[in-house]
Amino acid sequence: MNMSFYSAAVGAIEQQKRLNVVSNNISNVNTYGFRAGKAAFGELMNRNVEGINGERLPKGTGTRVIQTTPNFNSAGYKDTGWPLDFAIEGDGFFALYDLATEEVSFTRDGTFAMRRFELPAEGEGEEPGEVWRLTDNQGRCVLNSEGNFIVMDPDYVRQNSLDPDDQNIRQQDLDIGVFDYVVREGMQHLDKTRFQPTEQNGQLYQGTGRVKQGVLELSNTDLANEFIKMIESQRAYGISLRMMTTTDEIETTINSLRG
C-alpha cells in the first residue's frame, strides 16, 4: 500500500518537472536561436516478482525525468538586414568564449554586437590599448574558424548599409566559426540559447553549416505540440493525486478495521 502512495507521489513530482520544461519552451517561443527541450522519462526502480506458474514478472516503482533532450531541428529564419545578425543554415553552432570564466559555450543565436576591450600596456610607460571584438549580448567573445577572437573595425556598422535591398552587407568578409559535435544528444542547456558539451558528445569539429548575414534563426518551439504536452501532464498530475488520495483512504479504512 505504501508503495502505491510512493509511486503516485513520485509521478506527481516528475509531471511537475515536465510542466516546467513545457512552460520554458512556451516562454521562449520568440527567442531567436532557442531550442525546445523534451523531458525524457525512465524507470525509477525495477524488480521481478513471481507470477502465475512461477513466471518472473517485472514490477516498477514509478518513473523519473532522466534528462531534457533539446530539439536541434531548424524552424526557419527572419531577415533583419542588420549587419551584426547572423544565422547558420545547416548544422553547427557559434562558439562563445567567456573571458571571466574561460568557458567556451555554443549557441545558435546569432544576435551579436561589437564591444570595446582594454588591452594591457605592452611596455613600461606605455598607454593601455584597446580592441573591438564581436560579442554576444552578454559580452562573450565570438570565435572564428580557428578559435580566435574576431577583431572588428569600430566603424563597421556605420560603414555598412542597413537597407535590406542593399546586398553590400552580405559581402563583408567576417570569418565566423561554425562548430559541431559528432553526437548532439546530451548537451547541457546552460541558459535560453547556450549549450555546454559533455563527454558523450564526442569530438569537436568544423561544422558544415553556412553562415548567413543579416538573418536570425527563429525559435523551434511548436506551440500546438507544447499545449498538447501541457494537457497530458496536467491530467497525469491529477491522476497521480487521485491515486494518492485513494491509497490514503484505503489505508485509513484498513486501520479502522483493526480496532
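Rules used in this analysis
- Residues numbered from 1 in each chain as written.
- Predicted model: local features only at pLDDT ≥ 70, side-chain atom pairs only at ≥ 80, totals over all residues.
- Heavy atoms only, no water.
- Helix = DSSP H or I, 4+ residues; strand = E, 2+ residues; numbered from the N terminus.
- Buried < 20%, exposed > 50% of the residue type's maximum accessible area, 1.4 Å probe, protein only.
- Contact = heavy atoms within 4.5 Å.
- Areas by Shrake-Rupley, 256 points an atom, 1.4 Å probe, with all protein chains shown as cover.
- Phe/Tyr/Trp six-rings, centres within 6.5 Å; stacked < 30°, edge-to-face > 60°.
- Lys NZ or Arg CZ within 6 Å of the ring centre and 35° of its normal.
- 1 Å grid on protein atoms, 1.4 Å probe; cavity = no way out; pocket = protein on both sides within 12 Å on 5 of 7 lines; lining within 4 Å.
- Points joined across faces, edges and corners; volume = space filled by probe spheres on them.
- Salt bridge = Lys/Arg side-chain N within 4 Å of Asp/Glu carboxyl O.
- pLDDT = per-residue confidence, 0-100.

Novice: What am I meant to see in the overall build of the protein here?
Specialist: In terms of helices and strands, the protein carries three helices and 19 strands. Counting across all 259 residues of the protein, residues that qualify as buried make up 36%. The long-range share in the protein, meaning contacts at least 24 apart out of those at least 6 apart in sequence, stands at 65%. Approximately 15,200 Å² of the protein is accessible, and the part contributed by carbon and sulfur atoms is 49%.

Novice: Is there a simple way to explain the environment of W132 in this structure?
Specialist: For W132, the position within the fold is in strand β11 (residues 129-135). When its relative accessible area of 25% is taken as the criterion, W132 is described as partly exposed.

Novice: Teacher, can you tell me more about the packing of aromatic side chains here?
Specialist: A full pass over the atoms with the stated rule returns eight aromatic pairs. Centre to centre, the rings of Y97 and F149 are 5.7 Å apart; their planes meet at 55°, and the pair counts as tilted. Of this pair, Y97 sits in strand β7 (residues 94-98) while F149 sits in the loop between β12 (141-142) and β13 (151-152), and the two are 52 residues apart along the sequence. What makes F149 partly exposed here is its relative accessible area of 29%. In this structure, R133 is placed above the aromatic ring of F117, and the distance from its NZ or CZ to the ring centre is 5.0 Å. The ring of Y77 is capped by K212, whose NZ or CZ atom sits 5.0 Å from the centre of that ring.

Novice: Explain the layout of surface pockets to me, please; I cannot follow it from the model alone.
Specialist: Over the atoms, a rolled probe matching the size of one water molecule traces out where space is still vacant. By volume, the second largest pocket amounts to about 200 Å³. For the second largest pocket, the lining is made up of 14 residues, of which D109, D136, Q138, R140 and T193 are closest to its centre.

Novice: Hey, could you run me through the pattern of salt bridges in this one?
Specialist: For side chains bearing opposite charge, pairing can occur when the charged atoms are close. Going through the model one piece at a time under the given rule, you end up with 13 salt bridges. Across the pair E232 and R18 runs a salt bridge whose closest N-O atoms are separated by 3.1 Å. Within this pair, whereas E232 is found in helix α3 (residues 223-258), its partner R18 is found in helix α1 (residues 2-27), the two being separated by 214 residues in sequence. A relative accessible area of 42% places E232 in the partly exposed class. The buried category is assigned to R18, whose relative accessible area is 15%. D91 is the partner of R184 in a salt bridge, and the nearest nitrogen-oxygen pair spans 3.4 Å. A residue pair is termed long-range when its members are at least 10 positions apart, and R184 in the loop between β14 (179-181) and β15 (188-189) and D91 in the loop between β6 (85-89) and β7 qualify at 93 residues. What makes D91 partly exposed here is its relative accessible area of 39%. In the salt-bridge network here, residues are joined through shared partners; they are R35, R108 and E217.

Novice: Honestly, the confidence of the model for the protein in this entry has me stumped. Any pointers?
Specialist: Low pLDDT means the predicted coordinates in that region are not meant to be read closely. On average, residues of the protein score 83 in pLDDT, and 86% of them reach the 70 mark or higher. Counting interchain partners and residues more than four positions distant, the pLDDT-below-50 stretch residues 167-172 has 12 contacts.

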